[in-house]
Structure formats: structure tokens, C-alpha cells
Amino acid sequence: MSRIGKLPVNLPAGVEVKVDSNNVVTVKGPKGQLSEAISKHIKVEIADGVVTVTRDGDNKSSREQHGLARTLINNMVMGVTAGYEKKLQLVGVGYKAEKKGKTLVMNLGYSHPVEMEDPDGITTEVTTPTEVIVKGIDKALVGNYTANIRKWRRPEPYKAKGIRYEGEIIRRKEGKTGKK
């Protein structure tokens, strides 16, 4: 039995979970609504404020989907109640970000500023010129958009310049040494 899959998901007050005939789980909460299609091998039961995930058999595909389905439902419940956020830091001379409406404008050492439009369900905040916060209710969307921002300038190993996640440790290299 999957250690993660057999754990129940407790529903906080104000959160509704529904499962339709096509095994699509819909979670409504104070911050919004999320939906996810779950595998046909998985059965989702809702009783007394607790969501339980079980599988129909012990074949490989059922075992693979068991823990995944439980984690997806738990992530949706957490998203509609508290939401998700990731922080990015811009490190480098002249690297800065600013917000213009729904557009994030970053100067990253290129000849032109990099402009990124916020997708639906995602908001970005610029607290200082070198710190960007990405917020949303869908964990996958927040992580994907943050990775797309980071792709413009990954931290390099010599001076550690670039866009990094908050708390990320950059593995530094020594660099060239002169003649001896």
C-alpha cells in the first residue's frame, strides 16, 4: 500500500470537494476553484470532511497513480485555502525588475528589457527592485511560471549572477588561476 496514498486529506472549513462520473475532482474554496482529472484506477471518497483515495487493484499502473492522486488533491485543497508563492532574487549589477500593469519588466543585462505577461491565475509582485514574488492557487502553474522567469538568466557558477530562488545555494567554481 502506498504510504502517501493511504493518508486522508482533511478538508478545512469552507472547502467543498466534488467528484463527477468522469473521475474529475473539483475543489472550491475561499481563493477560487481548481479541477483535476484523476486516473480511472483510483476511487475518491468524501465523508465527514475527509477525502480518502483508494485504488481498484494492485497492478503497476494503479500503484503508480495512488500516491499521485492523493498529492494532487491535497495540493488543490492547500491552494484554494492558503495559496502558493515563490520568491525570486535578481543578483547582478544592474539587474532589476518592475511591474507595469500585468506585465513584469526585467533588466537582465541584455540590450533590451525582458517583458513577461502574467498568465491567468498568477500574480507577480515586485517588493524591491531585486525581488519578485509569484503567487497563485495552482502549485504547478506557480512553479512553471517561476521556472520560465528564471530561464532568462540562470545563476552562473563563477560570480553567482542571475535569477535564483530564495534560499537557493549556488555551487561556486574557483575560476582561472594565473601562471605560477
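Just above, that's the structure.
Residues numbered from 1 in each chain as written. Predicted model: local features only at pLDDT ≥ 70, side-chain atom pairs only at ≥ 80, totals over all residues. Heavy atoms only, no water.

Thoughts on the nonpolar core
Membership of the largest hydrophobic core comes to 18 residues, with the highest contact counts inside it found for V25, V27, V51 and I73. Elements with a minimum of two residues in this core: β3 (24-29), β5 (42-47), β6 (50-55) and α1 (60-81). Per element, the largest residue contribution to this core is 5 residues, and it comes from α1. Sequence-distant contacts of I73, that is, excluding residues within four places in its chain, are made with V25, V44, V51 and V53. In this structure, L88, M116, V132 and I163 belong to the second largest nonpolar core, which totals 17 residues. (Core = buried A, V, L, I, M, F, W, Y, C linked by side-chain atoms within 4.5 Å. Buried < 20%, exposed > 50% of the residue type's maximum accessible area, 1.4 Å probe, protein only. Helix = DSSP H or I, 4+ residues; strand = E, 2+ residues; numbered from the N terminus. Contact = heavy atoms within 4.5 Å.)

Remarks on the side chain of R70
Looking at where R70 falls in the secondary structure, it is placed in helix α1. Buried charged residue R70 carries no salt bridge. Nearest counter-charge: E45, at 13 Å. Setting aside residues up to four positions removed in sequence, R70 forms contacts with I4, G5, L7, P8, V9 and V53. (Lys, Arg positive; Asp, Glu negative; His and termini not counted. Salt bridge = Lys/Arg side-chain N within 4 Å of Asp/Glu carboxyl O.)

A word on the sheet that holds β5
For sheets, the rule is that strands pair by backbone hydrogen bonds, running either parallel or antiparallel. Spatial strand order, β1-β6-β5: 3 strands in an open sheet with antiparallel pairing. Of all the strands in the sheet, the pair left with one neighbour each is β1 (9-10) and β5. In the sheet, β1 pairs with β6 via 2 bridges, with the strands oriented antiparallel. Its bridge partner lying in β6, N10 is registered against V50. Along the sheet, α1 makes contact with β1, β5 and β6, crossing β6 at roughly 165°. (Pairing = 2+ DSSP bridges. Axes fitted to C-alpha atoms, helices over the stretch in contact; angles between N-to-C directions.)

Quick word on the pattern of salt bridges
What the rule picks out here adds up to 7 salt bridges. In this structure, R150 and E168 form a salt bridge, with 2.7 Å as the shortest nitrogen-oxygen distance. Placement of R150 in helix α2 (residues 139-150) and of E168 in the segment after β13 (162-165) is noted, with a sequence separation of 18 residues between them. Accessibility expressed as a relative area gives 14% for R150, which makes it buried. Given a relative accessible area of 24%, E168 falls into the partly exposed group.

Here's the deal with the layout of surface pockets
Taken as a whole, the largest pocket spans an internal volume of roughly 170 Å³. Residue lining of the largest pocket: L34, S35, E36, L72, N75, M76, I137, D138, K139 and A140, and that is the complete set. Of all the elements in the fold, those that place two or more residues in the lining of the largest pocket are β4 (32-37), α1 and α2. (1 Å grid on protein atoms, 1.4 Å probe; cavity = no way out; pocket = protein on both sides within 12 Å on 5 of 7 lines; lining within 4 Å. Points joined across faces, edges and corners; volume = space filled by probe spheres on them.)

Describing α2
In a regular helix each residue adds 1.5 Å, so 12 residues correspond to 16 Å; α2 covers 17 Å between its end C-alpha atoms and thus fits that length. As for α2, its buried residues are in contact with β7 (84-91), β9 (103-107), β10 (114-117), β11 (122-128), β12 (131-136) and β13. (Expected span 1.5 Å × (residues − 1).)

Some words on α1
Compared with the 32 Å implied by 1.5 Å per residue over 22 residues, the 33 Å span of α1 between its first and last C-alpha is a close match. H66 marks where α1 bends most, by close to 25°. What α1 keeps buried is the set S62, H66, G67, A69, R70, I73, N75, M76, V77, G79 and V80. Phi for G83, located one or two positions after α1, is positive at around 85°. (Bend = angle between axes of the 7 residues up to and from the residue.)

Some points on the pairing of β9
Counted residue by residue, β9 has 4 buried out of 5 residues, so it is predominantly covered. Direction of pairing for strand β8 (residues 96-100) relative to β9: antiparallel, over a ladder of 5 bridges. Residue pairing in the sheet places E98 in a bridge with V105 of β9. Between β8 and β9, which follow one another and run antiparallel, lie 2 residues, and G101 among them has a positive phi close to 65°. With 4 bridges joining them, β9 and β10 adopt antiparallel strand pairing. When the bridges of β10 are listed, V105 appears paired with E115. Remark: 6 residues form the turn of the hairpin made by β9 and β10, two consecutive strands paired antiparallel; G109 in that turn has positive phi of roughly 90°.

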